[in-house]
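One letter stands for each residue in the lines below.
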Amino acid sequence: MTMLLEVSGIETFYGASQALFGVDLSVAEGEVVALMGRNGMGKTTTIRSICRLNPPRKGRIAFAGRDIAGLRAFRVARLGIGLVPEGRRCFPNLTVRENLVAAARTGQWTLSRIEALFPRLAERRDQFASTLSGGEQQMLAIGRALMTNPRLLILDEATEGLAPVIRRDIWTSIRTLKAEGQSILVVDKTMAELLPVADRCTIIEKGRTAWTGIPAELTDAIRDRLLGV
Ligand code: ATP
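What you see is a predicted model, and the numbers here were worked out from it, not measured in a lab.

Peer 1: Go over a positive patch on the surface, please, and point to the residues and values.
Peer 2: Taken together, the side chains of R66, R72, R75, R78 and R105 present a region of like positive charge at the surface. Tracing the sequence through the fold places R105 in the loop between α3 (96-103) and α4 (111-117). Exposure remark for R105: the relative accessible area of 37% places this residue in the partly exposed category.

Peer 1: Please give an account of the environment of L121 that cites residues and values.
Peer 2: Position of L121 among the secondary structure elements: in helix α5 (residues 119-123). Residues L121 and T2, spaced 119 residues apart in sequence, show a C-alpha to C-alpha distance of 35 Å. In contact with L121, other than residues within four places in its own chain, are V96, I114, E136, M139 and L140.

Peer 1: An account of the layout of surface pockets is requested, with residue identities and associated values reported.
Peer 2: Space inside the largest pocket adds up to approximately 620 Å³. Lining the largest pocket are 23 residues, with A77, I81, G82, L83 and P85 sitting closest to its centre. Taken together, the elements giving at least two residues each to the lining of the largest pocket come down to α1 (43-50), α2 (73-80), β8 (81-84) and α6 (134-147). Its residues assigned to classes, the lining of the largest pocket shows 13 nonpolar, 3 polar and 7 charged. Volume-wise, the second largest pocket comes out at about 200 Å³.

Peer 1: Describe the sheet that holds strand β1 (residues 3-11), listing the residues and the values that go with them.
Peer 2: One open sheet holds the 4 strands; their spatial order is β4-β1-β6-β7, and the pairing between them is antiparallel. Strands at the two margins of the open sheet, each flanked by one partner only, are β4 (23-28) and β7 (66-67). Pairing analysis gives 5 bridges linking β1 to strand β6 (residues 58-63), with the strands arranged antiparallel. Opposite V7, over in β6, you have I61 as the bridge partner.

Peer 1: I'd love a proper account of the side chain of K43, names of residues and values included.
Peer 2: Following the sequence through the fold, K43 ends up in helix α1. In this structure K43 is buried but unpaired, with E157 as the nearest side chain of opposite charge at 5.1 Å. There is a polar contact of 2.9 Å between the side chain of K43 and the backbone oxygen of G37. Discounting residues that sit within four places of it in the chain, K43 has contacts with L35, M36, G37, R38, V187 and I204.

Peer 1: Residues and numbers for the confidence of the model for the protein chain, please.
Peer 2: Confidence in the prediction of the protein chain, expressed as mean pLDDT, is 94, and 99% of residues score 70 or more. Taken together, the chains of this predicted complex give a pTM of 0.95 and an interface ipTM of 0.94.

Peer 1: Outline the pattern of salt bridges, supporting the account with residue identities and numerical values.
Peer 2: Using the criterion set out here, one finds 15 salt bridges in the structure. Between E29 and R151 there is a salt bridge whose closest N-O contact spans 3.1 Å. Placement of E29 in the loop between β4 and β5 (32-36) and of R151 in the loop between α6 and β9 (152-156) is noted, with a sequence separation of 122 residues between them. Residue E29 is classed as partly exposed on the basis of its relative accessible area, which comes to 48%. Residue class for R151 comes out partly exposed when judged on its relative accessible area of 38%. For R124, the salt bridge identified is with E136, shortest N-O distance 2.8 Å. Of the two residues, R124 sits in the loop between α5 and α6 while E136 sits in helix α6, which places them 12 residues apart along the sequence. When its relative accessible area of 5% is taken as the criterion, E136 is described as buried. One salt-bridge network, in which partners are shared between bridges, spans R120, E123, R124, E136, R168 and D169.

About the thresholds
- Residues numbered from 1 in each chain as written.
- Predicted model: local features only at pLDDT ≥ 70, side-chain atom pairs only at ≥ 80, totals over all residues.
- Heavy atoms only, no water.
- Patch = residues over 30% accessible without salt bridge, like charges linked within 9 Å, V, L, I, M, F, W, Y side chains within 5 Å.
- Areas by Shrake-Rupley, 256 points an atom, 1.4 Å probe, with all protein chains shown as cover.
- Salt bridge = Lys/Arg side-chain N within 4 Å of Asp/Glu carboxyl O.
- Lys, Arg positive; Asp, Glu negative; His and termini not counted.
- Charge placed at Lys NZ, Arg CZ, Asp CG, Glu CD.
- Helix = DSSP H or I, 4+ residues; strand = E, 2+ residues; numbered from the N terminus.
- Buried < 20%, exposed > 50% of the residue type's maximum accessible area, 1.4 Å probe, protein only.
- Contact = heavy atoms within 4.5 Å.
- 1 Å grid on protein atoms, 1.4 Å probe; cavity = no way out; pocket = protein on both sides within 12 Å on 5 of 7 lines; lining within 4 Å.
- Points joined across faces, edges and corners; volume = space filled by probe spheres on them.
- Nonpolar A, V, L, I, M, F, W, Y, C, P; charged D, E, K, R; others polar.
- Pairing = 2+ DSSP bridges.
- Polar contact = N/O pair within 3.5 Å; in protein donor to acceptor, adjacent residues only side chain to side chain.
- pLDDT = per-residue confidence, 0-100.

Below, the structure written as structure tokens:
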């Protein structure tokens, strides 16, 4: 299987403090991979390493067969990695449509496809992003990332802190994206919703990849050891 994203042995630091000690992870074309682990184990740092917001000091990251070492973060984005960061960031003083158009790059994703995926965004297209609910802002953040026509979409805690109805809508859209063949790397704490959409899972423990497998192989013993509180 040819891998779209291949991360091997990365070590990442915050100043002198080491956060990652050897993370291995891969995402194949069209695959949905869940990145899991308890709080503070290094999920967000792994994502920031991939996007080169916190470039690793050791190890290798290849995207679409190309080593991304030395690239600036915006170059990685242009190669086709669309990040929805933790804590959703939209332009508050632009309307919903303006936010989407500002992110646009030519490709299969268009305003009308985003509005079909998220009907709430269509209803609110002329409202300022600052007037949206938290969940709607999260949808807008996902829509913005899709407007860049990413080969890989990365979602970091996309449903955290949202009302159940909105979470359900976001999971529905993630399943739609998967069915359309979108490659996705997803971090989320709601395992009951995450596992059914994941083709594979990678669990990080203290900055290292501790387990990788398909959801059906994720036994209670592994869960207790690596994901239990
Ligand atoms: P969470 O689910 O709580 O977001 P996580 O698995 O995403 O956790 P990270 O946020 O990647 O974990 O944190 C990994 C380690 O790096 C933790 O020990 C954390 O304290 C440390 N860390 C994270 N951000 C910084 C920072 N800006 N400066 C210093 N250390 C940091």
